[in-house]
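Structural description and commentary
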Amino acid sequence: MTARDSGIQRIHARKNHSCYGMGLGIIILDEVYPGFPGDVRNASAYPFPIQYEIAEGVDIQNLVRGDDKKALLEPIVRAARKLERMGCRAIAAECGYFAWFQKEIAASVDVPVFASSLLQVPLAQMIIGPERVVGILVAEGDRLSDRHLTSVGVTLGTNYVVHGAKDNGKTPQFDTLWTKDIRPEIPTADYGLAERDIVKVAKDFAAAHPAMRAMVLECTGFQPFGRAIQRAIDMPVFSWSTLLDYAYSVAAHRDFYGHV
């Protein structure tokens, strides 16, 4: 293998881009809570550069549960444009419910935008065929609207089913991180308990829909447990991790070293 990329011989500035060799820019919520390795909020487990920018004033409460989201667009777009100016090759976001703004964010910048793991739903539908269903496992089922789906290209009423992992208090470890009126002053979670609960939810969801042949994890906090979920349900699992790996490969295509 060569010591450096021999394709880079002469460098030049990109318009208004301050930094180089950048990877993905991640718009994160204006919240303070930890994420296990694999969570989009935790940069340590990703094999490419991650740059964060806070969407000032946009928290879980107003993004996921707020009825009027118009005021959120300006700080979200501002964060996206700052990441682009920094030099990020593509932009993603921390929460799957950013799907609401997929089209608006993409229109505001000149780099690819991957605002939600839900972008993978149409692909999952295509690969399993129309007679089988995709399970969409979200954080809060009653907060997923038609707009969240149509904004990322999902045709309403097609072969998908939705379930909320946090509905009815089934995943208390996630409540202690994300639910404003429940979490402690210092948000905390136990990995083993979180894995046990989310795997059970996923297994029950799959069992309730015998035609399910793929599952899409909406929430950025679910993918640390993606492999455990896959072992339990034995089907393709799409998560933020699969989306970000894809996003980076699109924005900075790998080269190939080998022999014939």
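This text goes with the structure placed above it.
Described below are features of the structure shown in this document. Keep in mind the model is a prediction, meaning the values are calculated, not measured.

What counts, and where the lines are drawn
- Residues numbered from 1 in each chain as written.
- Predicted model: local features only at pLDDT ≥ 70, side-chain atom pairs only at ≥ 80, totals over all residues.
- Heavy atoms only, no water.
- Buried < 20%, exposed > 50% of the residue type's maximum accessible area, 1.4 Å probe, protein only.
- Helix = DSSP H or I, 4+ residues; strand = E, 2+ residues; numbered from the N terminus.
- Pairing = 2+ DSSP bridges.
- Contact = heavy atoms within 4.5 Å.
- Axes fitted to C-alpha atoms, helices over the stretch in contact; angles between N-to-C directions.
- Arc of directions from axis to C-beta.
- Phe/Tyr/Trp six-rings, centres within 6.5 Å; stacked < 30°, edge-to-face > 60°.
- Lys NZ or Arg CZ within 6 Å of the ring centre and 35° of its normal.
- Salt bridge = Lys/Arg side-chain N within 4 Å of Asp/Glu carboxyl O.
- Parallel < 35°, antiparallel > 145°, perpendicular 65-115°, else oblique.
- Left-handed = near helix turned anticlockwise from the far one by under 90°.
- Nonpolar A, V, L, I, M, F, W, Y, C, P; charged D, E, K, R; others polar.

**Thoughts on unusual backbone geometry**
Of note, the phi angle at N168 is positive, near 60 degrees, even though the residue is not glycine. The exposed category is assigned to N168, whose relative accessible area is 76%. Unusually for a residue other than glycine, D234 sits at a positive phi of about 55 degrees. Tracing the chain through its elements places D234 in the loop between α8 (226-233) and β8 (237-238).

**Focus: the sheet that holds strand β1 (residues 24-28)**
Ordered by their spatial adjacency, four strands build an open sheet running β2-β1-β3-β4, and the pairing between neighbours is parallel. The strands lining the two open edges of the sheet, one partner per strand, are β2 (50-54) and β4 (113-114). As defined by bridge partners, β1 adjoins β2 across five bridges and the pair is classed as parallel. Residue I27 lies in a different strand from β2, and its bridge partner there is E53. Most of the contacts of helix α2 (residues 73-86) go to β2, to which it runs at about 150 degrees, and overall it touches β1, β2 and β3 (90-93).

**Notes on helix α4 (residues 121-128)**
Along α4, the residues classified as buried are V121, A124, Q125 and I128. Seen from one end, α4 has its buried residues packed into an arc of 100 degrees, which puts them on one side. Exposed and facing more than 90 degrees away from the buried side of α4 are M126 and I127. Here the buried face of α4 lies against β5 (133-138), β6 (160-164), β7 (212-217) and β8.

**Overview of the packing of aromatic side chains**
The geometry of an aromatic ring pair is captured by two quantities: the separation of the ring centres and the angle between the planes. One pass over the full model with this rule turns up nine aromatic pairs. Ring geometry for F48 and Y248: centres 4.6 Å apart, planes at 15 degrees, overall stacked. Note that F48 is positioned in the loop between β1 and β2 and Y248 in helix α9 (residues 240-251), a separation of 200 residues in sequence. By way of ring pairs, the aromatic residues F36, F174, W178, Y191, F222 and F225 are connected into one cluster. Lying over the aromatic face of Y33, R41 brings its terminal NZ or CZ to 4.0 Å of the ring centre. Directly above the aromatic system of W100 lies the positively charged group of K69, at a separation of 5.3 Å from the ring centroid.

**Side note on the pattern of salt bridges**
For the structure shown, the criterion picks out 10 salt bridges. For the salt bridge of E74 with R78, the shortest nitrogen-to-oxygen distance reads 2.5 Å. With E74 and R78 both in helix α2, this residue pair falls four residues apart, about one helical turn. The class for R78 is partly exposed, based on a relative accessible area of 41%. Its salt-bridge partner being D204, residue K200 comes within 2.8 Å of it at the nearest N-O pair. Of this pair, K200 and D204 are both found in helix α7 (residues 191-207), four residues apart, which corresponds to roughly one turn of the helix. Classification of K200 by relative accessible area gives exposed; the value is 53%. By relative accessible area, D204 is classed as partly exposed at 42%. By sharing partners, the salt bridges in this structure join R65, E140, K166 and D175 into a single network.

**Here's the deal with the packing of α7 against α8**
The N-to-C vectors of α7 and α8 enclose an angle of 40 degrees; their axes lie 9 Å apart at closest approach. Considering their axes alone, α7 and α8 lie oblique with respect to each other. By crossing handedness, the relation of α7 to α8 is classed as right-handed. Along the contact surface, α7 presents E195, I198, V199, A202, K203 and A206, while α8 presents A228, I229, A232 and I233. Of the residues that constitute the contact of α7 with α8, the class distribution is eight nonpolar, no polar and two charged.

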